[in-house]
Amino acid sequence: MALNMESWAEATSGAVGSLLSTTILYPLDTCKSKYQAELRAHGQAKYRNTFDVLLEAISSRQVLSLYQGLGTKNVQSFVSSFIYFYGYDFFKKLYLKRSGFKSIGTRANLVIAVVAGAFTVIITQPLDTASSRMQTSDFGKSKGFWKTLSEGTWSEAFDGLGISIILTSNPAIQYTAFDQFKARMLKEKMKSKRGAESSPESLSAFSAFVLGAVSKCFATCITYPLIRCKVMIQSAESEGDGEDEAELKARKTISGSLHAIWKKEGLMGFFKGLQPQILKTVLSSALLLMIKEKISKTTWVLLLAVRRYLFLTRARLKSS
């Protein structure tokens, strides 16, 4: 029961952290995504950098469009983070319980993280696809969640599923690195706990922020070419793309998007938008993990209080 309670606490705190970090950084995410989704030869590009996207929103008086798709993105972030953190924490503790080990190794940690990520992606992919299309739509022309998905086939709602599963290696690398660093930092702070319901030690907000930033930066640099391909596969079709139907269809595959980048932008095209991607993902992950660390103990206490209340209520009903 203690294992299940702690998994619920981890999942809830992780989901709330993801929701808040996504909302705070969403305008930056929109600018980054629109810049990444553009595929044009040198000299013909509409945007030179992400700042140009922001200037377009201001000049066209569509600043609020920087938040287009926020609701869908928040639902996707909350649901995916809850599922991921619950599965990751639950299976990690189950592994330790069954194996008898006191700590989990890097290899086992990676496997558990990838499996948890793959299940999360399969369940939440339609939400991810819809939010990406809404985000990369022309300013002021974004459609609602249902209309965005209903315009295509059911299979198109899972555009980018393959590359999303491959990219589960990104959070797997990030959270594995974070957990390993965290375990070392807390080794001296850990005290013997009395009873299974004692709340676990947590990092300071600053330490969690720094560890989250470093681990995410490392994972992002390694997987970035695939990250850009995913944005292109899921992006909305802009009126100014100038591509025929065959080219657009080819771009909806991993090999097709890689070929299109190489053909139009060359080697450096695979890293177009890397800086804003690092800025956004590092800040997002650092905020997520910082918020998660600070509210995890509160969540644990609240869950224990709810369980105690339910237990006492049940006991009173039986005695009456």
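The structure contained in this document is the topic of the report that follows. (Residues numbered from 1 in each chain as written. Predicted model: local features only at pLDDT ≥ 70, side-chain atom pairs only at ≥ 80, totals over all residues. Heavy atoms only, no water.)

## Here's the deal with the overall build of the protein
Counting secondary structure elements, the protein contains twelve helices and zero strands. Moving toward the C terminus, one meets the helices and strands of the protein in the order α-α-α-α-α-α-α-α-α-α-α-α. Counting over 320 residues, the protein shows a buried share of 47%. Here the contacts in the protein between residues at least 6 apart in sequence split such that 80% fall between residues at least 24 apart. Carbon and sulfur atoms provide 64% of the accessible area of the protein, an area that totals close to 16,900 Å². (Helix = DSSP H or I, 4+ residues; strand = E, 2+ residues; numbered from the N terminus. Buried < 20%, exposed > 50% of the residue type's maximum accessible area, 1.4 Å probe, protein only. Contact = heavy atoms within 4.5 Å. Areas by Shrake-Rupley, 256 points an atom, 1.4 Å probe, with all protein chains shown as cover.)

## Describing the packing of aromatic side chains
Any pair of aromatic rings gets described here by the distance separating the centres and the angle formed by the planes. In the structure shown here, the tally under the stated rule is seven aromatic pairs. With a centroid separation of 5.8 Å and 5° between ring planes, the pair formed by Tyr-86 and Phe-90 is classed as stacked. One end of the pair, Tyr-86, and the other, Phe-90, are both in helix α4 (residues 70-99), four residues apart, so they sit about a helical turn from each other. Judged by its relative accessible area of 24%, Phe-90 falls in the partly exposed class. With centroids separated by 5.6 Å and ring planes inclined at 80°, the aromatic side chains of Phe-90 and Phe-91 adopt a geometry described as edge-to-face. Exposure remark for Phe-91: the relative accessible area of 41% places this residue in the partly exposed category. Pairwise contacts between aromatic rings join Phe-82, Tyr-86, Phe-90 and Phe-91 into one cluster. (Phe/Tyr/Trp six-rings, centres within 6.5 Å; stacked < 30°, edge-to-face > 60°.)

## What about the environment of Leu-54?
Inspection of the secondary structure puts Leu-54 in helix α3 (residues 50-59). Counting along the chain gives 22 residues from Leu-54 to Lys-32, while the straight-line C-alpha distance between them is 9.7 Å. Setting aside residues up to four positions removed in sequence, Leu-54 forms contacts with Cys-31 and Leu-66.

## Structural notes on the nonpolar core
By size, the foremost hydrophobic cluster in this structure holds 18 residues, and its most contacted members are Tyr-84, Tyr-88, Tyr-175 and Leu-203. Elements supplying a minimum of two residues to this core: α4, α5 (106-136), α8 (169-186), α9 (205-234) and α12 (274-319). Discounting chain neighbours no more than four positions away, the residues touching Tyr-175 are Tyr-84, Phe-85, Tyr-88, Leu-288 and Leu-289. (Core = buried A, V, L, I, M, F, W, Y, C linked by side-chain atoms within 4.5 Å.)

## Considering the packing of α4 against α5
Close contact between α4 and α5 brings their axes to 9 Å; oriented N to C, the two are set at 170°. Between α4 and α5, the interaxial angle falls into the category roughly antiparallel. Within the contact of α4 with α5, the residues separate by chemical class into 15 nonpolar, nine polar and three charged. (Axes fitted to C-alpha atoms, helices over the stretch in contact; angles between N-to-C directions. Parallel < 35°, antiparallel > 145°, perpendicular 65-115°, else oblique. Nonpolar A, V, L, I, M, F, W, Y, C, P; charged D, E, K, R; others polar.)

## Topic: the side chain of Ser-77
You can see Ser-77 is positioned in helix α4. On the basis of relative accessible area, Ser-77 is assigned to the buried category, the value being 6%. A polar side-chain atom of Ser-77 sits 3.2 Å from a polar atom in the side chain of Thr-22. Leave out the neighbours within four places in its chain, and Ser-77 touches Ser-18 and Thr-22. (Polar contact = N/O pair within 3.5 Å; in protein donor to acceptor, adjacent residues only side chain to side chain.)

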